[in-house]
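Given next are the chains, with one letter for each unit.
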Amino acid sequence: MVDEKFTIDSYRDIAPHGVIDLLYRLAEKVQGKSLLHVNSTRFGGGVAEMLLRLVPLFNELGIQTKWDVITGTPLFYKTTKRFHNALQGDEQEITPDMYDEYKVVNEKIASELSFDTDVAVIHDPQPAAFINQKPEHSRWVWRCHIDISMPRRKVWNFLKEYVSRYDGAIFSLPSFAQKLPIPQYLIYPSIDPLSDKNKELSDEVINAVLAKYNIPDDKPMILQVSRFDNFKDPLGVIKAYKIVKKYNECCLVLAGGSAADDPEGMEVLNAVNNAADHDNDIHVLDLPPDANIEINALQRAAAVVLQKSTKEGFGLTVAEAMWKGKPVIGGAVGGITLQIIYGETGFTVNSVEGSAYRIRYLLNNPLISEEMGIKAKDYTRRNFLITRHLCDYLALMVTVLDID
Ligand code: UDP
């Protein structure tokens, strides 16, 4: 299903006052300039989710924008997944032939693409070595979406050789900033309130999705939406649910899928199915990448939304649920600590027991939960919508192109 496309003006009634006018003024300054985004997958994960929505809007604003994807070999994906894990702090074995594969794939794919835009934003570690092909006139910025607060030194030192040659780097949180000889920018990710993932849905559509997956509508639903990835701690979610279940009637939905650049998903999914252990109230959904309406409906139907990550650059799923008026219980890590205002828009937690305690608190206090949800939506409107994100990107273009 293809998501409906909207014009910038469609966001006037949703974005905070003044944002759309600011957007047009900034766009005027970079009229006719061109922009390239490169990442490592068109579907699955937050980066693809954002680019799918941002690229058409850049073009509508008069910035000719392309989106290229680096496609690699199985060894390349295995390597870059290990880079990802190591940059988020996990000990990983990365052999010399893996580093070589990274370099070879980057060189090969980069040589097949054209880099003739005024500005390029290269996302995450996978295509970072494209910098070897940067034309002199172009301004390139490396954007890091992962929680790089405590990277494993060896991998970061390897990557830093490339990153240091960019014209700037973007991080999602001040604590992710690194010692680099280039300017560093802070830009929060965003969600699109008009996409199929986030638009308003009727009760009929929501109920049809629940029926499709045999999810009861007469028990409060605890939900986590995430790729099947250990950093999202799906096993911790199941443990928390099992504690809650002793006291509260409820069901748990773990909705996930895989991303083309993530080879570990199947292993984690198997572990999740084992941990679910034929409990009829646990629903593990392995969804296709275009299940946007389904995820939207689940987030709207949920009583409590969890994002129990142990590392998180920024949880788009957190913003998505908050936009739907849900207080979120999230791991007290990375971007989640910025997204959730403790006790106001949700709760950050540090343990399985803490998660269970806060799930029970919200289940047992629906009025408080509703009030927190209203604040969560308002906070998301003010900080994490695509219109603010576009403004930040345009301001970045003005800065790196040295426009007055
Ligand atoms: N998502 C999805 N299908 C899934 C799992 C996740 O469409 O099965 C979406 C989710 O709704 C969100 C994005 O993928 O928009 C995940 O972004 P997030 O920042 O939460 O995590 P990432 O996967 O980038 O680590």
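Residues numbered from 1 in each chain as written. Predicted model: local features only at pLDDT ≥ 70, side-chain atom pairs only at ≥ 80, totals over all residues. Heavy atoms only, no water.

(A) Expanded view of the packing of helix 7 (residues 234-245) against helix 12 (residues 352-364). It is at 8 Å that the axes of helix 7 and helix 12 come closest, and there the two elements cross at 50°. The pairing of helix 7 with helix 12 is recorded here as oblique in orientation. Classified by chirality, the crossing of helix 12 by helix 7 is right-handed. Along its contact with helix 7, which presents Gly-236, Lys-239, Ala-240, Ile-243 and Val-244, the element helix 12 presents Val-352, Glu-353, Ser-355, Ala-356, Ile-359, Arg-360 and Leu-363. Each residue belonging to the contact of helix 7 with helix 12 can be placed in one class, and the counts come to seven nonpolar, two polar and three charged. (Axes fitted to C-alpha atoms, helices over the stretch in contact; angles between N-to-C directions. Helix = DSSP H or I, 4+ residues; strand = E, 2+ residues; numbered from the N terminus. Parallel < 35°, antiparallel > 145°, perpendicular 65-115°, else oblique. Left-handed = near helix turned anticlockwise from the far one by under 90°. Contact = heavy atoms within 4.5 Å. Nonpolar A, V, L, I, M, F, W, Y, C, P; charged D, E, K, R; others polar.)

(B) Structural detail: the layout of surface pockets. Estimates place the volume of the second largest pocket at around 200 Å³. Lining the second largest pocket we find 13 residues, and of these Gly-325, Pro-327, Pro-366, Ser-369 and Glu-370 sit closest to its centre. Counting only elements with at least two residues in the lining of the second largest pocket, the list comes to helix 12 and helix 13 (366-383). Of the residues assigned to the lining of the second largest pocket, the class counts are eight nonpolar, three polar and two charged. (1 Å grid on protein atoms, 1.4 Å probe; cavity = no way out; pocket = protein on both sides within 12 Å on 5 of 7 lines; lining within 4 Å. Points joined across faces, edges and corners; volume = space filled by probe spheres on them.)

(C) Highlighting the packing of aromatic side chains. Under the criterion given, the structure shown has 20 aromatic pairs. Summarising the aromatic geometry, the rings of Phe-83 and Phe-158 are spaced 5.7 Å apart at their centres and angled 65° between planes, so their arrangement reads as edge-to-face. Taken as a pair, Phe-83 in helix 3 (residues 74-87) and Phe-158 in helix 5 (residues 153-163) lie far apart in primary sequence, 75 residues in all. Like Phe-158, Phe-83 is buried. (Phe/Tyr/Trp six-rings, centres within 6.5 Å; stacked < 30°, edge-to-face > 60°. Buried < 20%, exposed > 50% of the residue type's maximum accessible area, 1.4 Å probe, protein only.)

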